[in-house]
Amino acid sequence: GAVVSQHPSWVICKSGTSVKIECRSLDFQATTMFWYRQFPKQSLMLMATSNEGSKATYEQGVEKDKFLINHASLTLSTLTVTSAHPEDSSFYICSASRIRDRGTDEQYFGPGTRLTVT
Amino acid sequence: AQSVAQPEDQVNVAEGNPLTVKCTYSVSGNPYLFWYVQYPNRGLQFLLKYITGDNLVKGSYGFEAEFNKSQTSFHLKKPSALVSDSALYFCAVRDEGFQKLVFGTGTRLLVSP
């Protein structure tokens, strides 16, 4: 149990276009979903925390108008990279925590999405 | 503020030997500590966590970690390494009552045959 999927697994887009990445909890309801960004050979950087039905909370330095997050249901969150530029190329990973035992439950991570902007 | 330090960029060990991947942390309250493993171009897989209770925590794939409050450490260990254990390992901490996980910089484990 506790499987998180991401779609697409990789995407190449042209500079100036927008890209949507989906994160789904397949077999559980997620109170909260998290979006991370990982640069090559670096750690995960939390971009934003997303609670179902409310606005996402963005970390300092993350542009909320550029990285649009929607958490419309307890099993789906989307990240849209708007007007993508080459510097947005990265590995984006989502995670979800379960509705029960929120205080102590671990986050379950998706497999990641490799975004390349040309 | 929460922080995690993984002092080693890479750990090399021969197959069959014990391995240790180090992690120290800093939180203001009670720590919730986690270890994750990442294979190339993949997301993170949960290995184990410490919330409360026994200081020695056993997790997936034969890994274990020891919580040491006085040294603020949570080192990952395995008695006998496998080549398939070669991957990137992340330690993470969460302050009690908060959801945000803070990750260390990661340690690459290389197990040679």
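About the thresholds
- Residues numbered from 1 in each chain as written.
- Chains lettered and ligands numbered in written order.
- Predicted model: local features only at pLDDT ≥ 70, side-chain atom pairs only at ≥ 80, totals over all residues.
- Heavy atoms only, no water.
- Phe/Tyr/Trp six-rings, centres within 6.5 Å; stacked < 30°, edge-to-face > 60°.
- Helix = DSSP H or I, 4+ residues; strand = E, 2+ residues; numbered from the N terminus.
- Contact = heavy atoms within 4.5 Å.
- Buried area = accessible area lost by both parts, 1.4 Å probe.
- Salt bridge = Lys/Arg side-chain N within 4 Å of Asp/Glu carboxyl O.
- Buried < 20%, exposed > 50% of the residue type's maximum accessible area, 1.4 Å probe, protein only.
- Pairing = 2+ DSSP bridges.
- Axes fitted to C-alpha atoms, helices over the stretch in contact; angles between N-to-C directions.

**Brief notes about the packing of aromatic side chains**
Working step 1: Summed over all chains, the structure comprises 14 aromatic pairs over all chains.
Working step 2: Centroid distance B:Y36 to B:F46: 6.0 Å. Interplanar angle 70°. Geometry classified as edge-to-face. Remark: B:F46 occurs in strand β6 (residues 44-50) and B:Y36 occurs in strand β5 (residues 31-38); sequence separation between them is 10 residues.
Working step 3: Ring-pair connections join several aromatic residues into one group, and the members of that group are A:Y36, A:F109, B:F34, B:Y36, B:F46, B:F90 and B:F103.

**A word on the interface of chain B and chain A**
How big an interface is tends to be stated in terms of accessible area lost as the parts join.
Working step 1: Chain B puts 20 residues into the contact, and the matching count from chain A is 24 residues.
Working step 2: Both faces considered, chain B and chain A share a buried interface measuring about 1700 Å² in area, 51% of it formed by carbon and sulfur atoms.
Working step 3: Joining chain B to chain A, the criterion identifies one salt bridge.
Working step 4: Where B:K100 meets A:E59, a salt bridge forms, and the shortest distance between an N and an O atom there is 2.7 Å.

**A closer look at the pattern of salt bridges**
Residues and elements named next belong to chain A.
Working step 1: Summed over all chains, the structure comprises six salt bridges over all chains.
Working step 2: For R24, the salt bridge goes to E22, with nearest N and O atoms at 3.4 Å.
Working step 3: The exposure class assigned to R24 is partly exposed, which follows from its relative accessible area of 34%.
Working step 4: You can call E22 partly exposed: its relative accessible area is 24%.

**A word on the sheet that holds strand β7 (residues 67-73) of chain A**
All names here are of chain A.
Working step 1: Judged by pairing direction, the sheet is antiparallel, and its four strands sit side by side in the order β1-β3-β8-β7 without closing on themselves. Every interior strand has two partners, whereas the edge strands, β1 (4-7) and β7, have only one. Adjacent strand axes in the sheet meet at a mean angle of 15°, parallel and antiparallel pairs treated alike.
Working step 2: Pairing analysis gives five bridges linking β7 to strand β8 (residues 76-81), with the strands arranged antiparallel. The residue of β8 that forms the bridge with S73 is L76.

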